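# Understanding the architecture of this molecule
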Amino acid sequence: MIFADNVMKHEIKRTYRYRLYPGEAQRAELARTFGCSRWVYNWALETKTKAYYQDEESLSFTDLSSRLTSKKKEEETEWLSEVSAVTLQQSLRNLNQAFTNFFEGRAEYPSFKSKKGDQTARYVGTAFDIREENRKRKLRLSKMPGLINIQWSRELPSEPSSCTVTKNAAGQYHVCFVCTEEVRQVPRADGEGGDLEFVGVDLGIESLAVLSTGEKVGNPRWFENEYKRLRREQQKLSRKEKGSNNWERQRKRVAKVHQRIQDRRKDFIEKLTTRLVGNFDVI
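Just so it is clear, the model here is predicted, and its values are computed rather than measured.

## A look at the side chain of Arg38
The residue Arg38 is located in helix α1 (residues 24–55) in this model. No salt bridge forms around the buried Arg38; measuring N to O, its nearest opposite-charge neighbour Asp118 is 11 Å away. Polar contacts involving the side chain of Arg38 include one to the side chain of Gln119, which spans 2.6 Å. Those residues in contact with Arg38, other than ones at most four positions away along the chain, are Lys113, Ser114, Lys115 and Gln119.

## Some thoughts on empty space enclosed by the protein
The full count for this structure, using the stated rule, is one cavity of 30 Å³ or more. By volume, the largest cavity amounts to about 50 Å³. Forming the boundary of the largest cavity are Lys48, Leu59, Ser60, Phe61, Leu64, Leu92, Leu95, Asn96 and Phe99. At four residues, the largest contribution of residues to the lining of the largest cavity is made by helix α3 (residues 85–103).

## A closer look at the nonpolar core
If you look at the biggest cluster of nonpolar residues, it comprises 21 residues, and the most contacted ones within it are Tyr123, Leu139, Leu141 and Phe177. Secondary-structure elements contributing two or more residues to this core are β2 (7–21), α1, β3 (119–124), β5 (136–141), β6 (148–151), β7 (162–167) and β8 (173–184). When residues in this core are grouped by element, the largest group, four residues, is from β8. Apart from the residues within four sequence positions on either side, Tyr123 is in contact with Leu30, Thr33, Ser84, Val86, Thr87, Phe128, Leu141, Ser142, Met144, Ser162, Cys163 and Val165. Cys36, Ala44, Leu68 and Ala98 belong to the second-largest nonpolar core, a separate cluster that totals 18 residues.

Calculation criteria
- Residues numbered from 1 in each chain as written.
- Predicted model: local features only at pLDDT ≥ 70, side-chain atom pairs only at ≥ 80, totals over all residues.
- Heavy atoms only, no water.
- Helix = DSSP H or I, 4+ residues; strand = E, 2+ residues; numbered from the N terminus.
- Buried < 20%, exposed > 50% of the residue type's maximum accessible area, 1.4 Å probe, protein only.
- Lys, Arg positive; Asp, Glu negative; His and termini not counted.
- Salt bridge = Lys/Arg side-chain N within 4 Å of Asp/Glu carboxyl O.
- Polar contact = N/O pair within 3.5 Å; in protein donor to acceptor, adjacent residues only side chain to side chain.
- Contact = heavy atoms within 4.5 Å.
- 1 Å grid on protein atoms, 1.4 Å probe; cavity = no way out; pocket = protein on both sides within 12 Å on 5 of 7 lines; lining within 4 Å.
- Points joined across faces, edges and corners; volume = space filled by probe spheres on them.
- Core = buried A, V, L, I, M, F, W, Y, C linked by side-chain atoms within 4.5 Å.

Written out as structure tokens, the structure is:
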């Protein structure tokens, strides 16, 4: 921590999330990368689990990395070499962290990743950077054709150390940059003098939150507001032949309604918590 001018400052790592708009060829390459990253994670989990229970051997990250190198040379899995090696190594690191969280009691035993839900791939080091093209900053990824368009909603505080590309169930792409940022201690709500500002928060259903100041924060009920639309889209989905192109297009429409509800909930909660932190010293 750094003390200067009686203000406490320290550095933290913070994630900045942006919307991505890849082209058709880039979407195809990302799909291949997502699939390979997921396969490596599941293969490593199965290999590590079998080695422990059958051979009483504990495989480290280095052991799995060495076996992955050999796996790329096998005829059946040589397609792993078609994507960035960095993303595959990061899948092994993610699994290693998942086991660390399990052994330290912060999470359950790691589970296999599914094709359903969010698909992710992580890039570090020289596997990615931000470049300028036609006066616009775009994202370059290793083994990715061209540069990917980013919708910049705010500036990055520093050079990112890593980025994670995600595709959600609604078919939307995002990128999360990890940056080091210097933050200052939030000033007291009442200034330098006087007592600290306290507030109690009671979470409920009819009212999302009731503050000890007497203020009631209403429940927007985002799900109820979108229920008719969601029901209509789900009924359309039930009439499609599962697995067909029409079914897949309709599935994305249903997923977009769910994503819209999730985004509204998150936006409302983040604005509420930001206001509470700015107005009170102790919650």
